[in-house]
There are 2 protein chains.
Amino acid sequence: MSEIINVSAIAKVEKEKIRKRIESFRSNGKATPTLATVLVGEDPGSVYYMDMQKKVLESLGGTMLKLTLTEDVSEQELLSTIGDLNNDDKVHGIMILFPLPKHIDEHKVAMKISPSKDIDGVNPMNIGLLASTSGGIAPCTPSSVVEILKDTLGELKGKHAVIIGRSNIVGKPLIQLLLREHMTVTVCHSRTRDLKEVARSGEVLISAMGRPKMITEEYVGDGAVVIDVGTSELDGKITGDCDLESVMKKASLVTKVPGGVGTLTTTILMRTLVDLYEKSES
Amino acid sequence: MSEIINVSAIAKVEKEKIRKRIESFRSNGKATPTLATVLVGEDPGSVYYMDMQKKVLESLGGTMLKLTLTEDVSEQELLSTIGDLNNDDKVHGIMILFPLPKHIDEHKVAMKISPSKDIDGVNPMNIGLLASTSGGIAPCTPSSVVEILKDTLGELKGKHAVIIGRSNIVGKPLIQLLLREHMTVTVCHSRTRDLKEVARSGEVLISAMGRPKMITEEYVGDGAVVIDVGTSELDGKITGDCDLESVMKKASLVTKVPGGVGTLTTTILMRTLVDLYEKSES
């Protein structure tokens, strides 16, 4: 029988750990971990995410600095805002909400964030450190996937994971994180031939495509663990990559959407903030 | 029947292209592409590699600056030498021969090389750019593997490659290069379970372990293309990862060692030098 992974239980445990770490800073008379989040324009998804970050962070004892810039802000002004945050000792993490307006080059923005404050690992320096050292900063979504897998499976070493999707924000950093756990890793994407067959070869299947309900039982190996990172809108509802009913005929464990990976990402982001804070203090 | 890939023929064609590019700079009265190679100590492998680089580069019309520092040079002195080369407009590429003496931190050295002159892609900035953009600089060995595959197979899109080995200098950058070619990519390593079975699933198998003759027909899918990146010493001879006779029972095409991938790497390094030169001029 297939079971749904209780991701909010994992998030609850993580939150408790983070809360204790922040409390211990406070009781030692230290500063409060502070995240600066920059929103350009009024993208509703970004506004929602920003408000949720603030709520979660404050519930854990941290502080969030909300910076909102108008849609027509120049690239130069945004870069200079980031420069100020880089130089501000009271700010430990910087998050720029993407997508940005078309007249702003997202690559330049990512390059401008100080690698030591780059909480979602978008600066190529962090991407490179993640790939080539034990350091670097990983984005919160792939980190959340690894957390769920570790909590669910314990030892990951030697297991075969198949990732569908090779985006910079999920698939590619996930390769590096799973290799760190000594998993065998296969990366598939839109050009993969025999996708069903390759997907079935994974003891762990992670889908990060954003194609609602595409993944059916035909993509799932017997007893596989399936992590659904897709979020799309279908008929006005947030929908994952998995056709849950079908997938559950073959999988041993699955995450659902909503109520799955997304339940953990903001918590993991805050854990990264506390990690960056500790590094800045040491 | 299995065939051995004629890598030196591929190198010859590449060399001709590079020679023409350098000639055209000269006939336009421009400077000569110049590589600075830094050797610390007297590691015989590094001395050999340095001399070969010089020979190849000069045969193509380029210039090589050989810098040799004694084994006991301080880290600070080496970093300052690199800083000088970063600032020298007449130098277009910088290569530091690894391994370095134990008292020098290789990571610090890699971080010091200007990303725009980092000819073998060791600076994490280039590793990150390679993973997340269409830019970045790849090390010459994985780039040579891709060149051989393109020359041999033509279209790589959608084909399944299995890489054995996850080093920073071969396996990991190869993941990114093969994803750029839209291949499906599997990465295996010492902790992979059922390695034979996973290896057999590849239409292309790339072995980069340095375990002499470990790869036998049991690791090779019917008609697979096998690229051997291993080089070890066995009984005083340079030996690849493949037991060639055995592998040839199953593979359609194979590279041998010596006389395989290594025949192309210095040429590809020089192609990168010319690319960096052109960027510096533009």
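Along each chain, numbering runs from 1 in the same order as the chain's sequence is written. Each chain takes a letter, starting from A, and each ligand takes a number, starting from 1, following the order in which they are written. Residue-level local features of this predicted model are given only where pLDDT is at least 70; pairs of side-chain atoms are given and counted only at 80 or more, and the full residue set underlies all totals for whole chains, interfaces and linings. Computation of side-chain values: all heavy atoms of the structure, hydrogens and water removed.

- Under an unreviewed UniProt entry, the name given to chain A is Bifunctional protein FolD, and the organism recorded is Proteiniclasticum aestuarii.
- UniProt positions are given in the numbering used here, feature names are shortened, and annotations may be inferred rather than shown by experiment. Note on chain A: under the UniProt heading Function (unreviewed entry), the record states "Catalyzes the oxidation of 5,10-methylenetetrahydrofolate to 5,10-methenyltetrahydrofolate and then the hydrolysis of 5,10-methenyltetrahydrofolate to 10-formyltetrahydrofolate."
- Among the UniProt annotations of chain A, the heading Subunit (unreviewed entry) holds the following wording: "Homodimer."

**Description of the overall build of chain A**
Here's step 1: For the purposes of this entry, the term helix denotes a DSSP run of H or I that reaches at least four residues, the term strand denotes a run of E that reaches at least two, and both are numbered from the N terminus. When you go through chain A residue by residue, the secondary structure sums to 10 helices and 11 strands.
Here's step 2: When accessible area is computed with a 1.4 Å probe and restricted to protein chains, residues below 20% of their type maximum are described as buried, those above 50% as exposed, and intermediate ones as partly exposed. Here chain A holds 282 residues, and 54% of them are scored as buried.
Here's step 3: Contacts were defined at the residue level, with two residues in contact if any of their heavy atoms lie within 4.5 Å. Looking at chain A alone, contacts between residues at least 24 apart form 69% of all its contacts between residues at least 6 apart.
Here's step 4: Values of accessible area rely on a 1.4 Å probe in the Shrake-Rupley scheme; residue burial ignores everything except the protein chains shown. If you sum the accessible surface of chain A, you get close to 12400 Å²; carbon and sulfur atoms cover 49% of it.
Here's step 5: Charged side chains of chain A number 34 positive and 38 negative; the gap between the two group centres comes to 3 Å. Positive charges come from Lys and Arg alone, negative charges from Asp and Glu alone, with His and the N- and C-terminal ends not counted. Throughout, a charge is located at the NZ atom of Lys, the CZ atom of Arg, the CG atom of Asp or the CD atom of Glu.

**Quick look at the pattern of salt bridges**
Residue and element names in this part refer to chain B.
Here's step 1: A pair is scored as a salt bridge if a Lys or Arg side-chain nitrogen falls within 4 Å of a carboxyl oxygen belonging to Asp or Glu. Tallied over the full model, the rule gives 28 salt bridges over all chains.
Here's step 2: Two residues, Lys-108 and Glu-75, come together in a salt bridge whose shortest N-O distance is 2.9 Å. Placement of Lys-108 in helix H4 (residues 106–112) and of Glu-75 in helix H3 (residues 75–87) is noted, with a sequence separation of 33 residues between them.
Here's step 3: Judged by relative accessible area, Lys-108 falls into the partly exposed class, the value being 41%.
Here's step 4: Judged by its relative accessible area of 18%, Glu-75 falls in the buried class.

**Details of the interface of chain A and chain B**
Bring the parts together and some accessible area is lost; that lost area is often taken as the interface size.
Here's step 1: Each partner contributes to the interface: chain A provides 34 residues, whereas chain B provides 34 residues.
Here's step 2: Here chain A and chain B share an interface that buries about 2800 Å² over both sides, 56% of which is from carbon and sulfur atoms.
Here's step 3: Buried surface area refers to the total accessible area, computed with a probe of radius 1.4 Å, that the two partners give up upon joining, counted for both partners together. On the chain A side of the contact with chain B, A:Leu179, A:Arg191 and A:Arg193 bury the most area, a combined 18% of that side's loss.
Here's step 4: The tally of links between chain A and chain B comes to two salt bridges.
Here's step 5: One salt bridge connects A:Arg193 with B:Glu203, and the closest N-O pair in it is separated by 3.4 Å.
Here's step 6: Polar contact is defined as a pair of N or O atoms within 3.5 Å, subject to the rule that within protein one atom must be able to donate a hydrogen and the other to accept it, and that residues adjacent in sequence are counted only when both atoms are side-chain atoms. Where chain A touches chain B, the interface holds 19 residue pairs in polar contact (both at pLDDT 80 or more).
Here's step 7: Going through the elements one at a time, helix H4 (106–112), helix H5 (124–132), helix H7 (171–180) and strand S6 (184–188) of chain A are the ones with two or more residues in the side of chain A that touches chain B.

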